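One-letter residues, chain by chain:
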Amino acid sequence: QVQLVESGGGLVQPGGSLRLSCAASGFTFSAYGMTWYRQAPGKERVLVAHISNTGGVTTYADSVLGRVTISRDNAKNTVYLQMNSLKPEDTAVYYCNLRMSGLNYWGQGTQVTVSS
């Protein structure tokens, strides 16, 4: 079955960096685009970044454009989210998402807290 396992979250000071990873299994990873979402306390889950199956096309939310880079390693079945210049408003649980055959699959999420 599909499994998505996020890691790499933590507590970081404003201006710092983190790299999140999402290890995928149970499907043909190289055939599907992957997406990172985040959900801040009391707010809806929102899209952060998307990458096509080959990695050739990426899209970003305006709020993270220029500070975040999504990438993938199809040999390792892993998608990454490099986050730089982090701000307190980036504090959220970050989720990896696969949409396949009309269904959404989610990981358990990884907490990112940006605070001094």
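Because the structure is predicted, anything quoted here is derived from the model rather than measured.

## Digging into the pattern of salt bridges
Two side chains bearing opposite charge may form a pair once their charged atoms approach each other closely.
Now for step 1: The final tally for this structure, using the stated rule, is 2 salt bridges.
Now for step 2: Between Asp-90 and Arg-38 there is a salt bridge, and its shortest N-O distance comes to 2.9 Å. With Asp-90 in the loop between strand 8 (78-83) and strand 9 (92-100) and Arg-38 in strand 4 (residues 34-39), the pair connects residues that are 52 residues apart, well separated along the chain. Here Asp-90 matches Arg-38 in class, with each residue buried.
Now for step 3: The partner of Arg-67 in a salt bridge is Asp-90, with the nearest N and O atoms 2.7 Å apart. Residue Arg-67 is found in the loop between strand 6 (58-60) and strand 7 (68-73), and its partner Asp-90 is found in the loop between strand 8 and strand 9; the two are separated by 23 residues along the sequence.

## Digging into the side chain of Thr-78
Now for step 1: Structurally, the position occupied by Thr-78 is in strand 8.
Now for step 2: We classify Thr-78 as buried; its relative accessible area is 9%.
Now for step 3: At a separation of 2.8 Å, a polar atom in the side chain of Thr-78 contacts the main-chain carbonyl oxygen of Lys-76.
Now for step 4: Once residues lying within four places of it in the same chain are set aside, the contact partners of Thr-78 are Ser-21, Cys-22, Ala-23, Phe-29, Arg-72 and Asp-73.

About the thresholds
- Here the residue numbers are simple positions, counted from 1 along each chain's written sequence.
- Reporting of local features is limited, given that this is a predicted model, to residues whose pLDDT is at least 70; pairs of side-chain atoms are given and counted only at 80 or more, and all residues count toward the totals for whole chains, interfaces and linings.
- Think of the side-chain values as coming from all heavy atoms in the structure, minus any hydrogens and water.
- Any carboxyl oxygen of Asp or Glu that lies within 4 Å of a side-chain nitrogen of Lys or Arg is treated as forming a salt bridge with it.
- A run of H or I in DSSP becomes a helix once it reaches four residues, and a run of E becomes a strand once it reaches two; helices and strands are each numbered from the N terminus.
- Using a 1.4 Å probe on the protein chains alone, a residue whose accessible area is under 20% of its type maximum counts as buried, one over 50% counts as exposed, and one in between counts as partly exposed.
- In the analysis that follows, any N or O atom pair within 3.5 Å is treated as a polar contact, provided that within protein one partner can donate a hydrogen and the other can accept it, and provided that, for residues neighboring in sequence, both atoms belong to side chains.
- Contact definition: two residues touch when any of their heavy atoms are within 4.5 Å.

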